[in-house]
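Chain and residue survey
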Amino acid sequence: MLFENIENVQVKHDARYSTLVFDLPVTYTGRSRLRERRLQPTLALRTPEGIVIPQEIWVWSSELAEVKELKSAHQYVAALGRLYDFWMATGSRRLETGHDVDLLIDSYLLYRTIAPSDPAKRIFPNWRPVAIETVKTDLRAIESFVKSCRRNQGDKHVMSQALQKSGIVFETRVPKHRGTSFWSHLDDQYEKYAQLKPETAVFPVAYNRLATFSSKVKVPTPVMCEEVGRRIIECTEDRDYKHLFMAMMGTGGRKSEYLHMYRCDVQPARMSKRFMNFQSTDPLLIFAHPEQSTWCGVLDPSSPRVTREDYLRRHHGILSRRKSPKKNDRVGWKGMRFTDHRLLRIPVWTHSDYAADLEAYAMEMRQFAIRAGVNSPYLFLTTADRTNRGDMLRPGNVDKAFQSACGRAGVRGMPGIFLHGYRHGYVRDLRLRGLSPHLIALGLGHFSIDTQEEYGVDLEMVYNAVKGGGRANVH
């Protein structure tokens with residue numbers, strides 16, 4: 001394994017925690033004998049000798065990176081880190097037997113579910129009570145590490161040595177609901193764990209350190225370049241997902257913001273003056289609040305204003321995707337700064353070819369919705385799958401489609417290659433055009449405006465900088 005730019009890496013570490021989890025860019029030789037790059041979740045431990053990465057943890061995280069998506073692998077590594085933090089924070093008790101280790105793991109699982117809601121009362125301020133599914137994931141993660149330690153020989157960290165002694169804890173099945181005997185079992189285990197004699201953990205004098213970090217570190221975040229972003233879109237086989245990715249690359253929004261969009265949220269360029277104080281050459285893409293916005297496609301100012309929540313209920317008999325009864329259809333909403341009294345915002349396109357493609361797609365989707373009798377106003381629907389024809393695109397399927405396209409494009413697992421990377425790429429495009437942080441924030445919907453007139457002037461500056469190909473002079 002080779003670390004890239006490791007001499008420039010610094011870690012900003014919170015002294016309240018004994019671990020640090022980060023995604024490190026590495027170069028490795030794959031099965032095809034080709035050198036490839038990827039992000040690998042890594043766990044560093046704070047010891048009396050400094051911050052180190054024990055060999056067995058690196059081997060395990062390497063195994064995870066080969067079989068799991070980055071997000072899932074990161075969750076596994078983070079779970080092991082939290083267990084180590086819990087062990088250190090509860091007295092560094094010496095774990096002499098497999099039974100002692102089982103007590104530790106059970107106590108950790110209990111604390112994960114009952115952490116006080118008041119941050120001041122928590123052992124770790126950032127820990128909040130978690131769902132049972134998260135407890136299951138943590139248990140699987142710890143079991144995965146234990147199995148890796150047992151497979152791989154060599155000197156190991158004291159924590160790893162202890163975990164190898166674990167007994168029947170991984171045979172326990174976590175129930176689906178609280179109020180069962182399982183939680184009573186955890187209570188009993190925690191009481192027994194609290195009775196173990198606290199000892200100072202004994203750490204090996206020397207480790208096979210893969211990296212040593214200074215106290216202040218900044219890891220540069222790789223950004224997906226335009227060429228790679230376009231290649232992923234070209235390798236997306238399903239046209240619905242392809243056009244979603246086009247919109248994300250061209251306007252820099254979040255996935256949820258597009259999944260909440262209506263078919264009326266794509267308007268021709270000739271309608272620019274209805275929404276802005278300047279003329280755009282690109283079709284308009286409208287981000288609107290999924291429930292409170294009064295933009296539902298009607299431009300007549302004399303028409304009664306109806307919120308999207310009411311519109312969905314009256315005309316389609318459904319709820320907003322934020323409140324969908326189907327978990328897989330549910331879509332969150334992080335929020336943004338709106339620029340219109342109707343609670344909407346219009347981004348600037350950085351790629352006009354994708355803007356034209358999306359406008360054509362929206363027109364096709366309006367016709368498709370009529371033919372298929374679709375009972376929802378949403379833009380991004382399933383058209384290729386006969387079984388789910390007309391259904392709204394699901395967030396989980398969007399992620400899967402992106403990963404599949406990355407695989408076909410040969411960039412899966414590379415640094416900076418993730419769905420939200422399109423938003424990072426949008427920021428890079430604005431920076432390359434010389435836009436100030438003030439204007440970039442406005443372009444992303446982060447900027448709070450004082451007047452509509454001020455917003456109109458600034459948005460036109462963003463538009464002119466992007467379409468003119470020059471550099472903005474406002475800072």
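Residues numbered from 1 in each chain as written. Predicted model: local features only at pLDDT ≥ 70, side-chain atom pairs only at ≥ 80, totals over all residues. Heavy atoms only, no water.

Concerning the overall build of the chain
The number of helices and strands found in the chain is 16 helices and eight strands. Sorting the 475 residues of the chain into buried and exposed places 52% on the buried side. Within the chain, counting contacts between residues at least 6 apart in sequence, those at least 24 apart form 67% of the total. Accessible surface, the chain as shown: approximately 23,400 Å² in total, 49% of it carbon and sulfur. (Helix = DSSP H or I, 4+ residues; strand = E, 2+ residues; numbered from the N terminus. Buried < 20%, exposed > 50% of the residue type's maximum accessible area, 1.4 Å probe, protein only. Contact = heavy atoms within 4.5 Å. Areas by Shrake-Rupley, 256 points an atom, 1.4 Å probe, with all protein chains shown as cover.)

What to know about helix H13 (residues 395–409)
An α-helix turns once per 3.6 residues; consequently, residues spaced three or four apart project the same way. The end-to-end C-alpha separation of H13 is 21 Å, in line with the 21 Å expected for 15 residues at 1.5 Å each. The elements touched by buried residues of H13 are helix H7 (226–234), helix H8 (239–251), helix H9 (255–259) and helix H14 (421–432). Looking one or two residues beyond H13, the residue adopting positive phi is Gly410, at roughly 75°. (Expected span 1.5 Å × (residues − 1).)

Some remarks on the confidence of the model for the chain
Overall, the predicted model of the chain reaches an average pLDDT of 77, with 71% of residues at or above 70. Scored below 50 in pLDDT, residues 1–11 makes 38 contacts in the model with residues more than four places away or belonging to other chains. Confidence over residues 470–475 falls short of pLDDT 50; this stretch has 14 contacts with residues more than four positions distant or in other chains. (pLDDT = per-residue confidence, 0-100.)

Looking at the side chain of Arg423
Counting through the fold element by element, Arg423 comes out in helix H14. Despite its burial, Arg423 pairs with no opposite charge; the closest candidate is Glu257, at 4.6 Å N-O. Side-chain polar atoms of Arg423 contact the backbone oxygen of Leu444, separated by 3.4 Å. With near-sequence residues (within four places) excluded, Arg423 lies in contact with Gly252, Gly253, Arg254, Leu444 and His446. (Lys, Arg positive; Asp, Glu negative; His and termini not counted. Salt bridge = Lys/Arg side-chain N within 4 Å of Asp/Glu carboxyl O. Polar contact = N/O pair within 3.5 Å; in protein donor to acceptor, adjacent residues only side chain to side chain.)

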